[in-house]
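Analysis of the macromolecular model
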Amino acid sequence: MQHIFIDFEMNQVPRRKNPDTPAPLLHEIVEIGAVKLDGDYRQVGKYSAYVKPHCFPIGAACTRITGITDETVALARELPEALEDFLGWIGEEPVRVYAWSGSDKKQLFEECRAKGLWGERPPKAFRRWIDFQRIYTRLLGLSKRNRISLKNAIGGIEVNFAGSQHSAADDAENSAVLLTLLHDKEAFAERTRITRELMNAASAPPPPAATLGDLFGDALSQWEFADDDETAEEAVTT
């Protein structure tokens, strides 16, 4: 099993100026970033690609946040070709996909459906999808209404944020650091102790666990997509 941490940067279309635009297309993916971890949660690859928006030019808000301009994406692939290249990079090995929050999955699924890129089911590589921010927030003892930001999560383990914020590949790489940390239960307990105490979480470290699956408990299964045909439809709409 390989683990892919994904992050997208998106171009926002002003609804006020485009009232007739379908809701899924009020954002378009303009950058794909990802890191690949092996079965031992060691980083073995990194992916970065810009995506040329189909419906609208790059807006001022997107440029201000990400630095992406129309010139940046002028020679980039549009989403169908970009996803084909990305899926080729992921490969055929069984995969579990992670993202920091559920917004990336929602955008990908809704944009692809709106553009007619998928049929009834997404590509196989996108059928096991986990909202890692939700899991990490839970493990810190916080409520789902008080989710921790990626920047604060990285700072909370006393690691400097590598690269640039709102660079898709850098955001994915920093998120993957937290996933790797969770695989070492003792290191996770020690390096998040102060954060959990300051945020009024339980001061005791997580219970001993032999594997990452044990540490997560039931958390992983709630966000996994089924592989068999009987449960696929239910899984995709979760």
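Residues numbered from 1 in each chain as written. Predicted model: local features only at pLDDT ≥ 70, side-chain atom pairs only at ≥ 80, totals over all residues. Heavy atoms only, no water.

Tallied over the full model, the rule gives 15 aromatic pairs. Where Phe 109 meets Trp 118, the ring centres are 5.1 Å apart and the plane angle is 90°; that geometry is what we call edge-to-face. The exposure class of Phe 109 is buried, given its relative accessible area of 4%. Here Trp 118 and Phe 126 contribute two aromatic rings whose centre-to-centre distance is 6.2 Å and whose plane-to-plane angle is 40°, an arrangement assigned as tilted. Considered together, Trp 118 and Phe 126 belong to a single accessibility category, that of buried residues. Taken together through their ring pairs, the aromatic side chains of Tyr 47, Phe 86, Trp 89, Phe 109, Trp 118, Phe 126 and Trp 129 make up a single cluster. The side chain of Lys 105 reaches across the aromatic face of Phe 109, ending 5.8 Å from its centre. (Phe/Tyr/Trp six-rings, centres within 6.5 Å; stacked < 30°, edge-to-face > 60°. Buried < 20%, exposed > 50% of the residue type's maximum accessible area, 1.4 Å probe, protein only. Lys NZ or Arg CZ within 6 Å of the ring centre and 35° of its normal.)

Our next topic: the pairing of strand β1 (residues 2-12). Counted residue by residue, β1 has nine buried out of 11 residues, so it is predominantly covered. Relative to strand β4 (residues 95-99), β1 runs parallel, the two being bridged by five bridges. Bridging from a neighbouring strand, Gln 2 pairs with Val 95 of β4. Pairing geometry for β1 and strand β2 (residues 27-37), over 10 bridges, is antiparallel. Bridging across to β2, Glu 9 finds its partner in Glu 31. (Helix = DSSP H or I, 4+ residues; strand = E, 2+ residues; numbered from the N terminus. Pairing = 2+ DSSP bridges.)

This brings us to the side chain of Ser 167. Structurally, Ser 167 is set in the loop between α6 (150-156) and α7 (168-182). With relative accessibility at 19%, the residue Ser 167 sits in the buried group. The residues touching Ser 167, leaving out its near neighbours within four places in the chain, are Glu 9 and Glu 31. (Contact = heavy atoms within 4.5 Å.)

An ideal rise of 1.5 Å per residue puts 16 Å on 12 residues; helix α3 (residues 79-90) measures up with 16 Å between its terminal C-alpha atoms. Every buried residue of α3 is listed here: Leu 79, Ala 82, Leu 83, Phe 86, Trp 89 and Ile 90. The buried residues of α3 occupy one face: seen down the axis, they fall within an arc of 115°. Of the exposed residues in α3, the ones pointing more than 90 degrees away from its buried face are Glu 84 and Gly 88. If you follow the buried residues of α3, they end up packed against β1, β2, β3 (43-50), β4 and α4 (103-114). Once α3 finishes, Gly 91 follows within two positions and takes phi at roughly 90°, a positive value. (Expected span 1.5 Å × (residues − 1). Arc of directions from axis to C-beta.)

Located in the positive-phi region is Tyr 41, a residue other than glycine, with phi close to 65°. Looking at the element boundaries, Tyr 41 is found in the loop between β2 and β3. Take Tyr 41: its relative accessible area is 9%, and that puts it in the buried class. One non-glycine residue, Ser 101, lies in positive phi territory at about 95°. Structurally, Ser 101 can be placed in the loop between β4 and α4. Judged by relative accessible area, Ser 101 falls into the buried class, the value being 14%.

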